[in-house]
Amino acid sequence: CDSQQSFLGSFCSPVFSGEWKATVVKDLKALVTSCIVIPCSFTHPKENLPSSRLRGIWHRSSDKQAFVYNEDKTRILENFRGRTQLLGELGQNNCTLEITDIKNHDNGPFCFRIELARTENDLSTVDKFSFIEDCAELTMLSEPPTPSLVHLETGTEGHPYTVTCSVTHTCPSHVPKLTWSRSTPDKAAESHRQLHPGHWETQSILTFIPEEKDDHSEITCTAVFNGQKTSSATMKLYIKRKENYNHIIIPTVVGISIAVVFGLFCIFIVKKYKNRIAELQNQEGT
C-alpha cells in the first residue's frame with residue numbers, strides 16, 4: 001500500500017495492506033499486431049464482494065494515473081483506448097486483462113489496482129490498493145512462433161496416417177488458426193489447452209489415407225495469428241507402396257512352394273528307387 005499517493009485517501013487500510021494479495025503472471029511474450037491475455041487473480045479476507053462494489057484498474061508501474069484499463073474509458077491512455085478489457089469477473093476474484101492489437105511499446109510493466117465502494121448503492125471509494133509488487137512485463141515478438149510437427153517417418157499406402165501440428169501462444173481469447181496444405185476432404189481435429197499459466201497451445205491433428213502419388217510430397221501446416229501474422233512448418237511424406245510387399249512376399253511364397261514340391265518329388269523318387277532295389281534283391285535271392 002502506498003501512503004504517498006493521494007488516491008489512497010488519508011489512511012491506508014490495515015486489512016488491505018496486510019491481507020489482500022494479487023497473483024499475476026509476470027513474464028509473458030506478446031506478438032506485435034496480435035493480442036495477449038494476462039492471467040490475474042486476487043484474494044481478500046472480507047465477505048463475498050459483488051462485482052458492483054469492486055472496480056478493477058490496470059496502470060503502468062511507473063505512474064499509477066497512467067491507466068491501461070479503467071471502467072471510465074475516457075481516463076485510459078489514448079494509445080491503449082479501445083484495446084483493453086477485463087475478461088474475468090471481479091466478484092469471482094478474477095482480474096485477467098486482455099490487450100489487443102499489440103504495439104511495440106506495450107511492454108509494461110502493468111500493475112493491477114482494486115477499488116472498493118462503500119456499498120452497492122454508494123459507489124464512493126472507501127479503499128484502494130495497487131499491487132505494485134506483482135506486475136506483468138511483456139517481451140515483444142516481431143515474428144510469431146513456428147509450429148511443430150509430429151509424425152511417423154513413413155506411411156503405408158492405403159493405411160491411415162496422422163500428422164500433429166501444434167503452436168504455442170499467449171492469447172486464448174483469439175487462438176491461432178491452423179490450416180493444412182492438403183485438400184479439404186481430409187479431416188483435422190483441433191484442440192486447445194493451457195500449458196501453464198499465461199501460455200497456451202493450439203493443436204490440429206490431420207488424418208488421411210495416403211496414396212502412391214503422395215510419396216515424396218510435402219505437407220505444410222500454417223498458423224494464422226490474431227493480427228494476420230503467419231508462420232508455417234513443412235514435412236516430406238514418404239510412402240511404402242503395397243507393391244513393395246508383393247515383390248518380397250510373392251517370390252518368397254513361390255520359392256517356398258517350389259522347394260516343398262521339389263522336396264516331395266525327391267522323397268517320392270527315393271522311395272520308389274528303394275522299392276525297386278528291394279524287388280531286384282528279392283528276385284536274385286530266389
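Calculation criteria
Residues numbered from 1 in each chain as written. Predicted model: local features only at pLDDT ≥ 70, side-chain atom pairs only at ≥ 80, totals over all residues. Heavy atoms only, no water. Salt bridge = Lys/Arg side-chain N within 4 Å of Asp/Glu carboxyl O. Patch = residues over 30% accessible without salt bridge, like charges linked within 9 Å, V, L, I, M, F, W, Y side chains within 5 Å. Areas by Shrake-Rupley, 256 points an atom, 1.4 Å probe, with all protein chains shown as cover. Helix = DSSP H or I, 4+ residues; strand = E, 2+ residues; numbered from the N terminus. Buried < 20%, exposed > 50% of the residue type's maximum accessible area, 1.4 Å probe, protein only. Pairing = 2+ DSSP bridges. Axes fitted to C-alpha atoms, helices over the stretch in contact; angles between N-to-C directions. Disulfide = S-S within 2.5 Å.

As recorded in an unreviewed UniProt entry, the protein chain goes by the name Ig-like domain-containing protein, listed as coming from Seriola dumerili.

Asker: Requested: an account of the pattern of salt bridges, with residues and values cited.
Answerer: In the structure shown here, the tally under the stated rule is 12 salt bridges. Through salt bridges that share partners, Arg55, Arg113, Glu115 and Lys128 make up one connected network.

Asker: Account for a nonpolar patch on the surface, with residues named and values stated.
Answerer: Taken together, the side chains of Ile256, Val260, Leu264 and Ile267 make up a nonpolar region of the molecular surface, amounting to roughly 410 Å² of accessible area. Looking at the element boundaries, Leu264 is found in helix α2 (residues 242-285). On the accessibility criterion, Leu264 (56% relative accessible area) is exposed.

Asker: Got a sec to walk through the sheet that holds strand β17 (residues 217-224)? Specific residues and values, please.
Answerer: As summarised here, the arrangement of the 3 strands in space is β14-β17-β18, forming an open sheet in which the pairing is antiparallel. Strand pairing shows two members of the sheet lacking a second neighbour, β14 (177-180) and β18 (230-237), which therefore form its edges. Looking at each pair of strands side by side, their axes are set apart by 20° on average, direction ignored. In the sheet, β17 pairs with β18 via 8 bridges, with the strands oriented antiparallel. Paired with Cys221 across the two strands is Ala233, which belongs to β18.

Asker: Got a sec to walk through the state of the cysteines? Specific residues and values, please.
Answerer: Applying the stated criterion across every chain yields a total of 4 disulfides. What pairs with Cys35 in a disulfide is Cys171, and their sulfur atoms sit 2.0 Å apart. In this structure the cystine formed by Cys35 and Cys171 twists about its S-S bond by roughly -105°; its chirality is therefore left-handed. One end of the pair, Cys35, is in the loop between β2 (27-31) and β3 (36-38); the other, Cys171, is in the loop between β13 (161-169) and β14, with 136 residues separating them in the sequence. Take Cys35 and Cys171: they sit in the same class, and that class is buried.

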